[in-house]
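Residue-level listing of the chains:
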Amino acid sequence: MEKNKVIYLKEKNIKKTAEKNFDDMLNSGYAQNPIAAKLFAFQKTKKEINPKDLLE
């Protein structure tokens, strides 16, 4: 089923941005717990995108 999954370009860009935010949070020492760093990165990424990006 994974072979037939469609991934759009904007989804890839959002995923790349989220991973970058996670790495920045982890490297800066802002959150020492990796789960908390992932949560903070998710919140930051969520603020940066708008729902129109996901629907196009």
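Values in this document were obtained by computation on a predicted structure and should not be read as measured data.

Engineer: I'm lost on the overall build of the chain in this one. Help?
Structural biologist: When helices and strands are tallied, the chain shows three helices and zero strands. Secondary structure elements of the chain occur, N-terminal to C-terminal, as α-α-α. Counting all 56 residues of the chain, 14% fall into the buried class. About 5200 Å² of surface is accessible on the chain, with carbon and sulfur atoms providing 58% of the total.

Engineer: Help me understand the pattern of salt bridges, please; the structure alone is not making it clear to me.
Structural biologist: Side-chain pairs of opposite charge can arise where the charged atoms are in close proximity. Throughout the structure, instances matching the rule amount to one salt bridge. Here Asp-24 makes a salt bridge to Lys-20, at a shortest N to O gap of 3.5 Å. You can see Asp-24 and its partner Lys-20 sitting in helix α1 (residues 9-28), four residues apart, about one turn around the helix.

Engineer: Is there a simple way to explain the nonpolar core in this structure?
Structural biologist: Note on soluble globular proteins: their nonpolar side chains tend to be buried together. Core analysis: the biggest nonpolar cluster contains five residues, these being Phe-22, Met-25, Ala-31, Ala-37 and Ala-41. Within the residue set of this core, elements represented by two or more residues are α1 and α2 (34-48). In this structure, Ala-31 is in contact with Met-25, Leu-26, Ala-36, Ala-37 and Phe-40, ignoring residues within four places of it in sequence.

Engineer: Where do I start with the environment of Ile-49 in this structure?
Structural biologist: Note that Ile-49 resides in the loop between α2 and α3 (51-55). Overall, the relative accessible area of 26% leaves Ile-49 in the partly exposed class.

Engineer: Got a minute to help me understand α2 in this structure?
Structural biologist: Think of an α-helix as turning once every 3.6 residues; residues three or four places apart then point the same way. Taking 1.5 Å of rise per residue, the 15 residues of α2 would be expected to cover 21 Å, and the 21 Å separating its terminal C-alpha atoms lies within 8% of that figure. Residue Asn-33 occupies the N-cap position of α2, its side-chain oxygen lying 3.2 Å from the main-chain nitrogen of Ile-35.

Engineer: Please clarify how the side chain of Asn-21 should be interpreted in this entry.
Structural biologist: Among the structural elements, Asn-21 can be located in helix α1. When sequence neighbours within four positions are dropped, the list of residues in contact with Asn-21 reads Ala-41, Lys-44, Thr-45 and Glu-48.

Engineer: I would appreciate a short explanation of the environment of Lys-15 in the present structure.
Structural biologist: With respect to the secondary-structure elements, Lys-15 resides in helix α1. A residue is classified by how much of its surface remains accessible, and Lys-15, at 54% relative accessible area, is exposed. Expressed as a C-alpha distance, the spacing of Lys-15 and Thr-45, which sit 30 residues apart in the sequence, is 9.1 Å.

Rules of the game
- Residues numbered from 1 in each chain as written.
- Predicted model: local features only at pLDDT ≥ 70, side-chain atom pairs only at ≥ 80, totals over all residues.
- Heavy atoms only, no water.
- Helix = DSSP H or I, 4+ residues; strand = E, 2+ residues; numbered from the N terminus.
- Buried < 20%, exposed > 50% of the residue type's maximum accessible area, 1.4 Å probe, protein only.
- Areas by Shrake-Rupley, 256 points an atom, 1.4 Å probe, with all protein chains shown as cover.
- Salt bridge = Lys/Arg side-chain N within 4 Å of Asp/Glu carboxyl O.
- Core = buried A, V, L, I, M, F, W, Y, C linked by side-chain atoms within 4.5 Å.
- Contact = heavy atoms within 4.5 Å.
- Expected span 1.5 Å × (residues − 1).
- Polar contact = N/O pair within 3.5 Å; in protein donor to acceptor, adjacent residues only side chain to side chain.

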